[in-house]
Amino acid sequence: MKPRILIVDDDDAITQQLFWTLSDDYEVMTANDMPTAIRRATIYEPAVSVIDLHLPPSVETPEVGLQILGFIKAHVRNSKVLVVTSADNIETQKACYAAGADEFMDKPFETETLLAILRRLAPHRTMDAA
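Throughout what follows, the structure given in this document is the object of discussion.

Basis of the calculations
Residue indices begin from 1 for each chain and proceed along its sequence in written order. Where local features are concerned, this predicted model is filtered to residues with pLDDT of at least 70; where side-chain atom pairs are given and counted, the filter is 80 or more; whole-chain, interface and lining totals use all residues. With hydrogens and water stripped out, all remaining heavy atoms of the structure feed into the side-chain values. Whether two strands pair depends on DSSP finding at least two bridges between them. Helix and strand assignments follow DSSP, with helices taken as H or I runs no shorter than four residues and strands as E runs no shorter than two, numbered in order from the N terminus. Only the contacting stretch of a helix is used when fitting its axis, a line to C-alpha atoms as for every element, and angles between N-to-C directions run 0 to 180 degrees. Ring geometry is summarised as follows: Phe, Tyr and Trp rings, the Trp one being its six-membered ring, pair when their centres sit within 6.5 Å, and such pairs are stacked at plane angles under 30 degrees, edge-to-face over 60 and tilted between the two. Type-normalised accessible area, obtained with a 1.4 Å probe on protein chains alone, sets the label of each residue: buried when under 20%, exposed when over 50%, and partly exposed for intermediate values. One side-chain nitrogen of Lys or Arg within 4 Å of one carboxyl oxygen of Asp or Glu is enough to make a salt bridge. Orientation categories follow fixed angle ranges, with anything under 35 degrees roughly parallel, anything over 145 roughly antiparallel, 65 to 115 roughly perpendicular, and all other angles oblique. What makes a crossing left-handed is the near helix being turned counterclockwise from the far one by less than a right angle; a clockwise turn instead makes it right-handed. The contact criterion used is simple: two residues touch if any of their non-hydrogen atoms lie within 4.5 Å.

1. Let's talk about the sheet that holds strand 3 (residues 48-51)
Consideration 1: Ordered by their spatial adjacency, 5 strands build an open sheet running 2-1-3-4-5, and the pairing between neighbours is parallel. Where the open sheet ends on each side, the last strands, each with one partner, are strand 2 (27-31) and strand 5 (103-106). Across the sheet, the mean angle from the axis of one strand to that of its neighbour is 20°, orientation sign disregarded.
Consideration 2: As judged from the 5 bridges shared by strand 1 (residues 4-8) and strand 2, these two strands associate in the parallel manner. Looking at the pairing, leucine 6 lines up with methionine 29 of strand 2.

See the structure below:
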């Protein structure tokens, strides 16, 4: 079974790019807003959520992304969260780690770096012979 990845970003180009990049190795779901992200996190219980912070309706602040991060860490047991955002100041990074983020990456990002982090956070499960 492939690990599940939830991508939360309001930029359709980014969500589509990540979907196609990751879909061979992961079961990928996307969300473009908080209600959809919370619903999909609750239903699918992703191994890793990749979250942008600046989401509607407050795209000028990181509050919506931080709320999603807090919800996932509180309600989706054993889920890891990778924050990928252009808000790369140290205060934002500290807020993310304080809210439970497992990793933090700046936008724009290198695909290979993202893949390496995802491999570490959601290693493929192997079936042990009984």
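2. Looking at the packing of aromatic side chains
Consideration 1: Under the defined criterion, the tally for this structure stands at 1 aromatic pair.
Consideration 2: Between phenylalanine 19 and tryptophan 20, the ring centres sit 5.1 Å apart and the planes meet at 90°, which makes this aromatic pair edge-to-face.
Consideration 3: Take tryptophan 20: its relative accessible area is 58%, and that puts it in the exposed class.

3. A few points about the pattern of salt bridges
Consideration 1: Following the criterion strictly, the structure yields 5 salt bridges and no others.
Consideration 2: A salt bridge links glutamate 27 to arginine 4; the nearest nitrogen and oxygen atoms lie 3.4 Å apart. Placement of glutamate 27 in strand 2 and of arginine 4 in strand 1 is noted, with a sequence separation of 23 residues between them.
Consideration 3: Residue classification places glutamate 27 among the partly exposed positions, given a relative accessible area of 31%.
Consideration 4: Look at arginine 4 and you get partly exposed, because its relative accessible area is 25%.
Consideration 5: Here aspartate 9 ties to lysine 107 by a salt bridge, and the two come within 2.7 Å at their closest N and O atoms. Separated by 98 residues along the polypeptide, aspartate 9 in the loop between strand 1 and helix 1 (12-22) and lysine 107 in the loop between strand 5 and helix 5 (111-121) bring together distant segments of the chain. Each member of the pair aspartate 9 and lysine 107 is classed as buried.
Consideration 6: What emerges from the salt-bridge pattern is a single network uniting Asp9, Asp52 and Lys107.

4. Considering the packing of helix 1 against helix 5
Consideration 1: Between helix 1 and helix 5, the least distance of the axes is 12 Å, while the angle of their chain directions is 60°. Viewed along their axes, helix 1 and helix 5 adopt a mutual orientation that is oblique. The two elements helix 1 and helix 5 meet at a crossing, and its hand is right-handed. Along the contact surface, helix 1 presents Gln17, Leu18, Thr21 and Leu22, while helix 5 presents Thr111, Leu114, Leu115 and Leu118.

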